[in-house]
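Chains, contacts and geometry: an overview
Here's the letter readout for the chains.
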Amino acid sequence: MKTTNIFYVVVLMSGICLATACKKSAVNDGGNGSTNTDLQTQSDDQDQVSSEDEAITNDVNTALYSQASIAGNDAISQGSGQTTTLGTEQTNGAGQPITGIICDATIVVDKDSDPRTITITYNGQECWGHRTRQGVVVISIPANEHWADKGATVSISIQNLKITRLRDKKSITINGTKSITNQSGGLLVNLATLGTITHTIAGDLSITFDSGKQRVWSVSKQRVFSYDNGIVITTTGTHTDSLGNTNVAEWGTNRFGVGFESLISQPKVIRQDCDFQLTGGQNTILRTDKYTSVITYGLDANGNPTSCPGASGTYYFKVVVTTPAGLTYTFILPY
């Protein structure tokens, strides 16, 4: 792939949002997040937080890639004395905001400090058409590292990032820290020749819901980038809990005070050749009150696995809720 195309692909990735919503069920178990409305709310919270956390990660990659001297992608030799510049070194002058890298944000780069920093400031624009964001994300990387290095780790500080969904004005505010490690080394610009690039993500997020309730959620994921007619992103959970459950991606307490953990029970796959849509995968949500939800993605309107959406451009997901009494409720909805 051409370098310029890769850069714009990375920028496009920064706008990926896997927005979904769960239909009301007939469940009513009273008061602890298990009524019909509460189950819908928890499912929606889970999706919104997870999707926006993924979007932050995409923005971090985009910002890093925009700075060749930080990413470590200044140039490569092509033989016969020729070199090709990879990526770009976006700059508006020392300390000046840079626009056009992330559509609803500016970035400011400090390459002289140790650690070096890239500060993303979200400006509340509606450029992606489904939500607005206001707040700050600060990326830090040691002065002696480049993002292309094997084992390079960037630290992420999320500061009062308020995300408001336009269709219903529901908002969440995220604070917290996480780290992203380039386990394999390499950059997306070289993905077609490298085969795969692996990143791991870990951290703790403080979520304030629009009700004013605040909860801490932990995340532990792995993202593997591969190339198959375009970029393919495969996400799995990497945490193992005290009961031996593996593939846990997120865990904590929901807004109703019920403990939960979200397992990626089948890897979640996003494909560039399907317009960066989530084409398959499965989450299993385990709650301490013994409610279980299984969410399967990449389906047609009848609940069957499908290829890239056709003219309608719509994928569906299936939610199966199992109550402590063994009752099940199934819904198929678009996303």
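So, here's what we can say about the structure. On a predicted model such as this, the values are computed, not experimentally measured, just so you know. (Residues numbered from 1 in each chain as written. Predicted model: local features only at pLDDT ≥ 70, side-chain atom pairs only at ≥ 80, totals over all residues. Heavy atoms only, no water.)

The next point concerns the nonpolar core. Core analysis: the largest hydrophobic core is formed by 39 residues, its most contacted members being Ile120, Ile139 and Val154. Those residues in contact with Ile120, other than ones at most four positions away along the chain, are Asp59, Ala63, Ile102, Ala105, Thr106, Ile107, Gly135, Val136, Val137 and Ile139. Membership of the second largest hydrophobic core comes to 21 residues, among which are Leu191, Phe225, Ile233 and Cys274. (Core = buried A, V, L, I, M, F, W, Y, C linked by side-chain atoms within 4.5 Å. Buried < 20%, exposed > 50% of the residue type's maximum accessible area, 1.4 Å probe, protein only. Contact = heavy atoms within 4.5 Å.)

Among the 13 residues that make up strand β12 (residues 259-271), ten are buried, leaving the element largely enclosed by the rest of the structure. Alignment of strand β10 (residues 231-237) against β12, held across four bridges, turns out to be antiparallel. Across the sheet, residue Val232 finds its bridge partner in β12, namely Arg271. Looking at chain direction, strand β11 (residues 248-253) and β12 are connected through five bridges and run antiparallel. Looking at β12, one finds that Val248 is bridged to Leu263. (Helix = DSSP H or I, 4+ residues; strand = E, 2+ residues; numbered from the N terminus. Pairing = 2+ DSSP bridges.)

The subject of this paragraph is the pattern of salt bridges. For the structure shown, the criterion picks out 18 salt bridges. Note that Arg131 is salt-bridged to Glu52, the shortest N-O span being 3.1 Å. With Arg131 in strand β5 (residues 131-141) and Glu52 in helix α2 (residues 36-65), this pair connects stretches of sequence that are 79 residues apart. An identical accessibility class is assigned to Arg131 and Glu52; each is buried. Ionic contacts of the salt-bridge type, sharing partners, join the residues Asp44, Asp45, Arg165, Arg167, Asp168, Lys170, Asp210 and Arg255 into one network. (Salt bridge = Lys/Arg side-chain N within 4 Å of Asp/Glu carboxyl O.)

Attention now moves to unusual backbone geometry. In this structure, Pro115 follows Asp114 across a cis peptide bond, with omega equal to 10°. The topology assignment puts Pro115 in the loop between β3 (105-110) and β4 (116-123). Phi is positive for Asp275, which is not a glycine, with a value near 60°. Topologically, Asp275 is positioned in the loop between β12 and β13 (277-287). In this model, Phe276 sits at a positive phi of 55°, which is unusual for a non-glycine residue. Assessed through its relative accessible area of 6%, Phe276 is described here as buried.

Moving on: the side chain of Thr181. With respect to the secondary-structure elements, Thr181 resides in strand β7 (residues 171-182). Assessed through its relative accessible area of 14%, Thr181 is described here as buried. A polar atom in the side chain of Thr181 sits 2.9 Å from the side chain of Thr153. Residues in contact with Thr181, not counting those within four places in the same chain, are Trp147, Gly151, Ala152, Thr153, Thr198, His199 and Thr200. (Polar contact = N/O pair within 3.5 Å; in protein donor to acceptor, adjacent residues only side chain to side chain.)

Here the focus is the environment of Asp53. Residue position: Asp53 is located in helix α2. You can call Asp53 buried: its relative accessible area is 2%. Counting along the chain gives 121 residues from Asp53 to Ile174, while the straight-line C-alpha distance between them is 8.9 Å. Residues within four places of Asp53 in sequence aside, it is in contact with Lys178, Leu205, Val219 and Lys221.

Here we take up the state of the cysteines. Defined simply, a disulfide is a covalent bond joining two cysteines at their sulfur atoms. In this structure the tally under the stated criterion is two disulfides. When the cysteines engaged in disulfides are numbered in sequence order, the protein chain pairs them as 1-2, 3-4. (Disulfide = S-S within 2.5 Å.)

Taken together, the nine bridges between β5 and strand β6 (residues 152-165) define a ladder with antiparallel strand orientation. Bridge assignment links Val137 to a residue of β6, and that residue is Ile158. Hairpin remark: β6 followed by β7, antiparallel, with five residues in the connecting loop; positive phi at Lys169, about 65°.

Along the polypeptide, Asn58 turns up in helix α2. For Asn58, a relative accessible area of 2% translates into the label buried. For the pair Asn58 and Ile102, spaced 44 residues apart in sequence, the C-alpha to C-alpha distance is 10.0 Å.

Note that every value here comes from positions in space, so none of it alone points to a role or purpose.
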